[in-house]
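Survey of secondary and tertiary structure
Below are the chains, spelled out letter by letter.
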Amino acid sequence: MKILLISPKRDYHLFTNRGILIPQLSLLIIKGLTPAKHEVKIVEEEHMQLNLDEQCDIVGISCMTSNAYRGYRIADAFRERNKIVVMGGVHPSILPEEALQHADAVVVGEAEGVWETILEDIESNNLQRIYNEPDPDLNRHILKDFSILPKKRFYNLVPLQTKRGCPYNCDFCCVSKLFGKKIKEIPINNVVKDIRLSGSRNFIFLDDNIIADRAHAKNLFKTLIPLKIKWVGQSSIAIAQEDEILKLAKKSGCRALFIGLESVMDTSIKKYKKLSSPEEIRNNIRKILKMGIIIHASIIFGFDEDTQKTFDETLNFLIRNRISIAAINVLTPYPGTQVYKKFRKQGKLLHENWGYYDHHTVVFQPKNMTPLELQIGKINVRNNFSSIPSIIMRFIGNLRMPVLYLITNLKYRKYVLKDRLILQQFKSGIQQNSMDVKNLDILFAANNNTTRLE
Ligand code: SF4
């Protein structure tokens, strides 16, 4: 059979962050799981042209919440052409019944343990509606065709994963619901095989927390040292609490860590970071930067504790502590999270247009401000964080990685300039029919549920 695997793009006019796409490991895994007798083609729609008339028998679509509508439109189009459509990924896993309105079958959770069964069921004309393997065997090495990754777009970073699952179950995140609270490890030997087979020296670990299991992380880092690779990944800030693990990370090639600070307000720190104080966070930041590792901090605005003061205090914190680069987002009540359930019950959701559920757009009524104030506050912090004085001030703390620091900040600044333009347009009352209509919509109509999506 001919199989077409698709990662849908976000609607073009909604997309504001083209520069920081993360390669989809899931499609490579599915391709690797497919028996050799079938033919597989992968289309990452963000950078490849999708042909709806592509000759194929089966279409597999993997999507998140923000590209779910696009995924559904693609699924409908292929079903009209009599193709069998199977959907999977975060959003269909959380809302399988919704996805089944557009697909013949849905994979809930991980593909390992079900994909081969789906293909057999299709061949025997016995396709089921829902497939789920709650505890897939991750010990088997799955051959991945890394050659299809477009090198330039992803800065030549090859995606890897060493574990899935998270014990913390934060109320704004669905990782624990999707992959379980138990950490499931992928054998380090298999990770090394992927590294060698990829032929690359630059990698991104997609684990939600690379040090979730300290012993596993130490083994991994020790194994990576002789391979002389460079990598970036996600980690808890607690990586700085054990000198040995931080040193090993650096020695193994760690160049940058994406760290979910989420909130730097005293009231939220204990709730989300499991650390005792802002001082502890500051110390950990200092240690990581001193080790020569770039900190890409994630900040979320819109928690119940947040007020207008939170924007300035957060910006000051980020600059004072020389944070290398920051993803400044708004709280998004993704389906499947506790926050979604709570806001829905409280009638706080402005709408359920999934295309806007992208952590850039306010889709709920915050507790202590209007949606519009939250949207503008977030844009202002992004603008000010990426200003030239801010880049210069933060440079002092990032002298051990000057080139990477400057490249990432200048690239980030380029994307933020677009936000600045949107804000200027809003202030001058000009509404244009442009690709930035999403943010204009939110700025103009955040209080009255109107959006332009479909
Ligand atoms: S936000 Fe991070 S720590 Fe919290 S549940 Fe999700 S993956 Fe785990």
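Structure: above.
Here's what I pulled together on the structure shown here. (Residues numbered from 1 in each chain as written. Predicted model: local features only at pLDDT ≥ 70, side-chain atom pairs only at ≥ 80, totals over all residues. Heavy atoms only, no water.)

**Quick word on the pairing of strand β5 (residues 105-108)**
Going by this rule: Type-normalised accessible area, obtained with a 1.4 Å probe on protein chains alone, sets the label of each residue: buried when under 20%, exposed when over 50%, and partly exposed for intermediate values. The helix and strand labels rest on DSSP assignments: H or I over at least four residues marks a helix, E over at least two residues marks a strand, and numbering proceeds from the N terminus. Each pair of strands is called paired provided DSSP finds at least two bridges between the two strands.
Side chains A105 and V107 of β5 all project onto a buried face; the interleaved residues V106 and V108 project onto the opposite face, where all are buried too. Looking at chain direction, strand β4 (residues 84-88) and β5 are connected through two bridges and run parallel. If you follow V86 over to β5, its bridge partner there is A105. Summarising the sheet, β5 and strand β6 (residues 130-132) pair through three bridges and their orientation is parallel. Of the residues in β6, the one forming a bridge with V108 is N132.

**A word on the pairing of strand β14 (residues 325-330)**
In terms of residue burial, β14 counts as a mostly covered element, since six of its six residues are buried. Burial along β14 is two-sided: the residues I325, A327 and N329 and A326, I328 and V330 are all buried. Alignment of strand β13 (residues 294-301) against β14, held across six bridges, turns out to be parallel. Looking across to β14, one finds that I299 is bridged to I328.

**Here we look at the site of the ligand**
In plain terms, the rule: Note on terminology: near, applied to a residue and a molecule or strand, indicates that one of the residue's heavy atoms is within 4 Å of it. By the convention adopted, Pro, Cys, Tyr, Trp, Phe, Met, Ile, Leu, Val and Ala count as nonpolar, Lys, Arg, Asp and Glu as charged, and the other residues, Gly among them, as polar.
C166, Y168, N169, C170, F172, C173, S176 and D208 make up every residue found near the ligand. Split by residue class, the shell around the ligand holds five nonpolar, two polar and one charged.

**Side note on the sheet that holds strand β7 (residues 158-160)**
Paired through their backbone hydrogen bonds, the strands of a sheet run either parallel or antiparallel. For clarity, the cut-off: Axis angles are defined between N-to-C directions and span 0 to 180 degrees, where every axis is a line fitted to C-alpha atoms and, for a helix, only to the segment in contact. In this analysis, two residues are considered to be in contact whenever any of their non-hydrogen atoms come within 4.5 Å of each other.
Pairing within the open sheet is parallel, and its six strands lie in the order β7-β10-β11-β12-β13-β14. The open sheet has two free edges, formed respectively by β7 and β14, since each of these has just one partner strand. Put simply, the sheet's adjacent strands are angled 20 degrees from each other on average, direction ignored. Across four bridges, strand β10 (residues 202-205) lies against strand β11 (residues 230-235) in parallel orientation. Bridge pairing links F205 to G233 in β11. Contacting β7 and β10, helix α7 (residues 188-198) crosses the sheet at an angle of about 170 degrees to β7.

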